[in-house]
Amino acid sequence: MANSLTPLQQAVAYQALYGALGPVVKANGDGLRGEVDRELRDIYEATGAKTYKVQAYGVTLGTYSVVESKATPETQAVVYDLADESALAAWIRDNIDMVADYVIADGEDFAAWVVGQTGELPDGVSAHTVTTPARPASYKGGQIRVDKGFQAEVTRRMQEGLAALVAPASALLAEGE
């Protein structure tokens, strides 16, 4: 029956279907899919459930899976703070050749370089550790995968029914709209 429509007519009819279905299936949107995403996110956060096999009337429709962000481990880094400018200036005067070598080679991370060279902090610099807390995996979104057999059947039926969808619409719409 789809063959009774020209390719242009079919394309416009499919675009109308897309326009009608898009808001319904938009992930995290206001339509049905958004409602499903919010419900399954709540379940995931309460129980950790991540994957659902979706069936209706004994037919496999597909799966819904929660997608998680990647967990990141806790990290620590030594941070150098200037605690006493006068003491640092005096240390630089006493170690000017070392400072000049470093500044000429690489002006960044001065205090870390000195520690690496001497094993000691320059006078006037303090060090402390900054901890970035671990972040567990968390909800990132949902993913629907439609079963290939079910998708093929839906596509076949949609193609067969396209002209039947257009014909009744013409009776409801005024000519030229």
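What you see as residue numbers is a count from 1 along each chain, following the sequence as written. Only residues with pLDDT of at least 70 are given local features in this predicted model, and only at 80 or more are side-chain atom pairs given and counted; all residues enter the totals for whole chains, interfaces and linings. As a rule here, side-chain values come from all non-hydrogen atoms in the structure, and water together with hydrogens is ignored.

Engineer: Explanation requested: the overall build of the chain in the structure shown.
Structural biologist: Scanning the chain from terminus to terminus reveals six helices and five strands. Put simply, the radius of gyration uses C-alpha atoms, and a globule should come to 2.2 Å times the residue count raised to 0.38. In terms of C-alpha radius of gyration, the chain reaches 32 Å, well past the compact-globule figure of 16 Å for 177 residues. Dimensions along the principal axes, computed over C-alpha positions, put the chain at roughly 95 × 40 × 25 Å. Exposure classes here rest on a 1.4 Å probe applied to the protein chains alone. A residue is buried below 20% of its type maximum, exposed above 50%, and partly exposed in between. Taking all 177 residues of the chain together, the buried fraction comes to 17%. Here the open area of atoms and residues is found with the Shrake-Rupley method and a 1.4 Å probe, where only the protein chains shown may cover a residue. Entry remark: accessible area of the chain is about 12,800 Å², with carbon and sulfur atoms responsible for 57%. Only DSSP runs of H or I with at least four residues qualify as helices, and only runs of E with at least two residues qualify as strands; both kinds are numbered from the N terminus onward.

Engineer: Where do I start with a nonpolar patch on the surface in this structure?
Structural biologist: Patches here are clusters of residues that have more than 30% relative accessible area and form no salt bridge, with a 9 Å joining cutoff for like charges and a 5 Å cutoff for nonpolar side chains (Val, Leu, Ile, Met, Phe, Trp, Tyr). Every case where a carboxyl oxygen of Asp or Glu lies within 4 Å of a side-chain nitrogen of Lys or Arg is listed as a salt bridge. Residues L21, V24, V25 and L32 make up a contiguous nonpolar surface patch of roughly 340 Å² in combined accessible area. Among the elements that make up the nonpolar patch, the one with the highest residue count is helix α1 (residues 7–25) (three residues). Note that L32 resides in helix α2 (residues 32–47).

Engineer: Teacher, can you tell me more about the layout of surface pockets here?
Structural biologist: Over the atoms, a rolling probe the size of a water molecule traces out where space has been left empty. For the largest pocket, the calculated volume is near 880 Å³. If you go around the largest pocket, you meet 28 residues; those closest to its centre are V25, I144, V146, F150 and Q151. Going through the elements one at a time, α1, α2, β1 (51–56), β2 (59–68), β5 (139–146) and α6 (148–172) are the ones with two or more residues in the lining of the largest pocket. Here the lining of the largest pocket takes eight residues from α6, the largest share from any one element. Here the lining of the largest pocket is composed, by residue class, of 20 nonpolar, six polar and two charged. Buriedness for pockets is judged along seven lines, at least five of which must meet protein on both sides within 12 Å for an open set on the 1 Å grid over protein atoms alone, while cavities are sets there where a 1.4 Å probe fits but cannot get out, and lining residues have an atom within 4 Å of a point. Grid points are joined across faces, edges and corners, and a volume is the space filled by probe spheres set on the points. In this classification, Asp, Glu, Lys and Arg are treated as charged, Ala, Val, Leu, Ile, Met, Phe, Trp, Tyr, Cys and Pro as nonpolar, and every other residue, Gly included, as polar.

Engineer: Help me understand helix α5 (residues 110–118), please; the structure alone is not making it clear to me.
Structural biologist: Each α-helix winds once per 3.6 residues, and so residues spaced three or four apart point in a common direction. Inspection of α5 places F110, A111 and V114 among the buried residues, and these make up the whole buried set. The buried side chains of α5 occupy one side of the element, clustering within an arc of 95 degrees when seen end-on. Just past α5, the residue G119 takes up positive phi, approximately 80 degrees. The directions from the helix axis to the C-beta atoms are what the arc is built from.

Engineer: Is there a simple way to explain the sheet that holds β2 in this structure?
Structural biologist: Paired through their backbone hydrogen bonds, the strands of a sheet run either parallel or antiparallel. Taken together, three strands build an open sheet; the order of strands is β1-β2-β5 and the sheet is antiparallel. Sheet topology places β1 and β5 at the edges, where each strand pairs with a single neighbour. With strand direction ignored, the average angle separating the axes of adjacent strands in the sheet is 20 degrees. Strand pairing is assigned whenever DSSP identifies at least 2 bridges connecting the two strands. Note that β1 and β2 share six bridges and pair antiparallel. Residue Q55 lies in a different strand from β2, and its bridge partner there is T60. The contact criterion used is simple: two residues touch if any of their non-hydrogen atoms lie within 4.5 Å. Fitted lines through C-alpha atoms serve as axes, helices being fitted only where they are in contact, and the angles separating the N-to-C directions of these axes extend from 0 to 180 degrees. Against the sheet, α2 makes contact with β1, β2 and β5, and its axis sits at roughly 120 degrees relative to β5, the strand it touches most.

Engineer: Just checking my understanding: could you explain the side chain of D37 for this structure?
Structural biologist: Mapped onto the fold, D37 is located in helix α2. If near-sequence neighbours (up to four positions away) are discounted, D37 is found in contact with A27, N28, Y64, Y139 and G142.

Engineer: Where do I start with the packing of aromatic side chains in this structure?
Structural biologist: The description of an aromatic ring pair rests on the distance of the ring centres and on the angle between the ring planes. Planes of paired rings set the category: under 30 degrees apart is stacked, over 60 is edge-to-face and the rest tilted, where pairs are Phe, Tyr or Trp rings (Trp by its six-membered ring) whose centres lie within 6.5 Å. Enumeration according to the criterion identifies three aromatic pairs in this entry. A centroid spacing of 6.1 Å and a plane angle of 50 degrees characterise the contact between Y44 and Y139, whose relative ring orientation is tilted. Taken together, the positions of Y44 in helix α2 and Y139 in strand β5 put the pair 95 residues apart, joining distant regions of the chain. This pair shows no difference in class: Y44 is buried, exactly as Y139 is. Seen in terms of ring centroids, W91 and F110 are 6.4 Å apart; in terms of plane orientation they differ by 75 degrees. Their pairing is edge-to-face.

Just distances and angles here, no functional claims.
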